[in-house]
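Take a look at the letters that make up each chain.
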Amino acid sequence: MPLVILAIESSCDDTSAAVCVDGVMLSNVIANQSIHEAYGGVVPELASRVHQQNIVPAVQQALINAKVSKNAVDAVAFTRGPGLLGSLLVGVSFAKAFALAKNIPIIEVNHMQAHVLAHFIGDRKPSFPFLCLTVSGGHTQVVMVKDYFDMEVVGQTLDDAAGEAMDKTSKILGLPYPGGPLIDKHARLGNPDAYKFPEPQIPNFDFSFSGLKTSILYFIRDNVALNSNFIAENLNDICASVEKRIVTILLNKLKKAADFYGIKDIALAGGVSANTGLRQGLQQMGDKNGWNCFIPEMQYCTDNAAMIAIVGYHKYLKGEFAKQNIAPLARMPF
Ligand code: KG4
Ligand code: ZN
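This text gives an overview of the structure that appears in the document. Here the structure is a predicted model, which means the values were calculated and not measured.

Here is what the cut-offs are and how they apply
Residues numbered from 1 in each chain as written. Chains lettered and ligands numbered in written order. Predicted model: local features only at pLDDT ≥ 70, side-chain atom pairs only at ≥ 80, totals over all residues. Heavy atoms only, no water. Salt bridge = Lys/Arg side-chain N within 4 Å of Asp/Glu carboxyl O. Buried < 20%, exposed > 50% of the residue type's maximum accessible area, 1.4 Å probe, protein only. Pairing = 2+ DSSP bridges. Helix = DSSP H or I, 4+ residues; strand = E, 2+ residues; numbered from the N terminus. Axes fitted to C-alpha atoms, helices over the stretch in contact; angles between N-to-C directions. Near = heavy atom within 4 Å. Polar contact = N/O pair within 3.5 Å; in protein donor to acceptor, adjacent residues only side chain to side chain. Areas by Shrake-Rupley, 256 points an atom, 1.4 Å probe, with all protein chains shown as cover. Nonpolar A, V, L, I, M, F, W, Y, C, P; charged D, E, K, R; others polar. Domains from an automatic or database assignment. Donors = N, O, S within 2.8 Å, 3.2 Å for Na, K, Ca; no water.

What follows deals with the pattern of salt bridges. According to the stated counting rule, one finds 13 salt bridges in the structure shown. The partner of Glu152 in a salt bridge is Lys146, with the nearest N and O atoms 3.2 Å apart. Residues Asp184 and Arg188 are paired through a salt bridge, measuring 2.6 Å at the closest nitrogen-oxygen approach. For Arg188, a relative accessible area of 37% gives the class partly exposed. One salt-bridge network, held together by shared partners, links Asp184, Arg188 and Glu243.

What follows concerns the sheet that holds strand S7 (residues 140-147). The five strands are arranged S8-S7-S6-S9-S10 in an open sheet whose pairing can be described as mixed. The open sheet has two edge strands, strand S8 (150-156) and strand S10 (292-294), and neither has a second partner. Looking at each pair of strands side by side, their axes are set apart by 25° on average, direction ignored. As paired strands, strand S6 (residues 130-135) and S7 are joined by six bridges and run antiparallel to one another. Among the inter-strand pairings, Val135 is bridged to a residue of S7, identified as Thr140.

We now examine the site of ligand 1. Contacts to ligand 1 come from 19 residues, most closely from Gly137, Asp167, Asp184, Gly271 and Asp303. Here an oxygen atom of ligand 1 sits 3.2 Å away from a polar atom, N or O, in the main chain of Gly163. Asn275 places a side-chain nitrogen or oxygen 3.1 Å from a nitrogen atom of ligand 1. Isolated, ligand 1 exposes 560 Å² of accessible area, and the fraction of that covered by the protein chains is 89%. The set of elements that each furnish at least two residues to the shell around ligand 1 consists of helix H3 (111-117), helix H4 (162-172) and helix H5 (180-187). Residue composition of the shell around ligand 1, grouped by class: five nonpolar, 11 polar and three charged. Each of domain 1 (4-116 + 302-318) and domain 2 (126-300) gives at least three residues to the shell around ligand 1.

Let's shift gears to the coordination of the zinc ion (ligand 2). Surrounding the zinc ion (ligand 2) are the protein donor atoms His111 (NE2), His115 (NE2) and Asp303 (OD), at 2.0 to 2.1 Å. Mapped onto the sequence, the donors of the zinc ion (ligand 2) take the spacing H-x3-H-x187-D. Linking His111 with His115, this pair stays in helix H3, spanning four residues, or about one helical turn. The same class applies to His111 as to His115, namely buried.

And the structure:
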């Protein structure tokens, strides 16, 4: 009998459901929430309400796309954390209710671990041990991945995440949330060397983005004081220069870690891995250093349930199931 996993992801503002059969992904439905655009960031209370509206249609669509009946599902995998508690609660409650009704097990998944293990969805997989730069709206981590469930954070941000720096910059520029994709779009049309922003000197493999964020804020404020049309006239150049600095901060640290550990299999994960400059930059650095680079397919960069499903599949094979009284965790280390 084939092993059918239904997976749910609801940690932030995307409601996603996926179906995986014998480790092969048959569907990955993602319902985005446009309601946050006007607020410059995710409003947690609104996010959880929209998850409630989206979760049943997302699951139904995932089953339809996979051509799988709900009665054929063997286990439900869900994101337990980290994330927004109200958002997580919707996915956790749905998974528990579905499993209870069908008398099947549930599998808890760590969202950050799932971003890393998204590399095991397709045919081309990294070999252990590999290094993964996981960059999202809430996290910036260099992860040493020794095995599926044996990973260690060897470097991380001391303050803001890389995605947050993208989103805050776009907010300063008056662009809607989420800003990362818009910075990416404008950066393609601009000169990355037009403006120079500082690279923080942080020891080891750690990062910091709060100083950069402040310097961008002051740079924009001072220039707008001199010319009220400064942003409109230079938007592409500003986005290209900010993106270039964020990408160089990330890749310089990744290179330092790769050299230190002598690792050649290097992966990228998380929402910011959708960024064109970062994807191209990693590939160039990889070509220069003889790395095998693993850059996720676009649909597996930002939050998605397929990555939860692949972790669920491997946990099912190990017989690792959760209890029905499990609760979500806003903070959840590996
Ligand atoms: O992993 P993710 O979907 O959610 C979290 O777990 O946080 O990451 C979302 C982050 C946001 O900060 C968003 O602006 C950023 O990923 N992002 C991008 C791009 N697409 C999404 N940043 C830069 N360029 C992109 N193309
Ligand atoms: Zn994420």
